[in-house]
Amino acid sequence: MTFHETATESPLFASNTCPDTPPEGERWSSWDGAMHGPKPRPDWVITALAAVETDLGVLKTGKEADVHLLRRWLPDGTDEPAVDSLLAAKRYRGSENRLFHRDSGYLEGRRVRKSREMRAMARRTEFGRAMIAGQWAAAEFDALARLWELGLPVPYPVQLNEAEMLMEFIGTGRTAAPRLVQTKPSPELLAELFEQFRHVVLTLAQEGWAHGDLSPYNVLVHDDRLVVIDWPQIVDVVGNPHGFEFLERDVRTMCDWFVRRGLDVDADLVFGDAASMAAGSTW
């Protein structure tokens with residue numbers, strides 16, 4: 001007997017003014033109707049429509065979006081195996097509340113099909129700002145999917161539904177992993193983390209990309225491993241007229257942090273290698 005059949009026959013149903021409310025949690029799973037991440041999916045991804053979700057609070061606030069901790073699980077009594085997972089829910093701000101302080105530089109090189117939409121984005125009309133918001137969310141979701149497939153250390157993108165993206169939660173228990181800037185690694189781990197960073201930058205460059213806003217504030221450290229987050233502004237290094245400037249800034253910002261922590265690194269060498277790879281990349 002299904003949940004809805006049980007509810008219909010129960011005398012308590014007459015007092016339930018919201019028959020679509022789940023038996024537990026705040027809402028039913030938002031999986032149905034969303035864009036989904038690449039296959040094969042990790043085992044912890046719950047796709048059952050009988051799952052429910054609850055917001056556990058804010059992990060991070062930002063100018064373009066806030067990130068919440070979301071629990072998705074299957075209530076008791078379902079036919080599915082018991083599964084429970086934590087997700088990071090990135091919720092982009094609407095056009096009326098969002099600060100588009102850096103759109104023009106990052107969006108160069110990106111194109112949409114309709115000239116009306118291009119004009120609206122260029123003029124920053126209300127419709128155009130809504131289009132830009134959609135581009136940020138879609139760009140980050142698409143980037144995470146591609147980067148995950150390349151084996152780069154990024155959160156797995158679970159789904160995208162309008163202005164909310166659900167992705168892998170990086171942390172222990174309900175505590176998010178610290179940002180790189182908050183850590184004080186040993187000399188040995190510092191050198192290992194630098195090599196991880198170098199691998200990320202060079203792999204991106206080989207694909208023709210730069211993060212565009214890379215810093216110790218949007219790199220997490222979990223189990224001695226870097227995990228790079230915040231990808232909505234990912235840059236086409238060749239297609240964007242400022243692409244190589246973004247790439248150089250990414251490299252120098254990160255290298256400066258490693259130098260301040262006592263590691264002797266050559267930012268010019270890293271940028272030179274990355275620029276050469278980006279120049280030879282094809283889309």
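A. Fine view of the side chain of Ser281. With respect to the element layout, Ser281 can be found in the segment after helix H7 (267-279). Overall, the relative accessible area of 13% leaves Ser281 in the buried class. A polar side-chain atom of Ser281 sits 2.7 Å from the main-chain carbonyl oxygen of Ala278.

B. Looking closely at the side chain of Glu168. Tracing the sequence through the fold places Glu168 in strand S7 (residues 164-168). Buried and unpaired, Glu168 has no salt bridge, with Arg225 as the nearest side chain of opposite charge at 5.2 Å. If near-sequence neighbours (up to four positions away) are discounted, Glu168 is found in contact with Trp44, Ala88, Trp148, Val154, Pro155, Tyr156 and Val158.

C. The pairing of strand S5 (residues 84-92), seen in detail. When strand S4 (residues 65-73) meets S5, the two strands line up antiparallel, connected through nine bridges. When the sheet's bridge partners are listed, Arg71 is paired in S5 with Leu86. Pairing of S5 with S7 involves five bridges; the strand directions are antiparallel. If you follow Ala89 over to S7, its bridge partner there is Leu166.

D. How the structure looks around the sheet that holds strand S6 (residues 157-161). The sheet built from seven strands is open, its strands ordered S1-S3-S4-S5-S7-S6-S2 with antiparallel pairing. Two strands close off the open sheet at either side, each with one partner strand: strand S1 (27-28) and strand S2 (35-36). As paired elements, strand S3 (residues 52-60) and S4 share seven bridges and run antiparallel to each other. Residue Lys60 lies in a different strand from S4, and its bridge partner there is Val67.

Criteria and thresholds
Residues numbered from 1 in each chain as written. Predicted model: local features only at pLDDT ≥ 70, side-chain atom pairs only at ≥ 80, totals over all residues. Heavy atoms only, no water. Helix = DSSP H or I, 4+ residues; strand = E, 2+ residues; numbered from the N terminus. Buried < 20%, exposed > 50% of the residue type's maximum accessible area, 1.4 Å probe, protein only. Polar contact = N/O pair within 3.5 Å; in protein donor to acceptor, adjacent residues only side chain to side chain. Lys, Arg positive; Asp, Glu negative; His and termini not counted. Salt bridge = Lys/Arg side-chain N within 4 Å of Asp/Glu carboxyl O. Contact = heavy atoms within 4.5 Å. Pairing = 2+ DSSP bridges.

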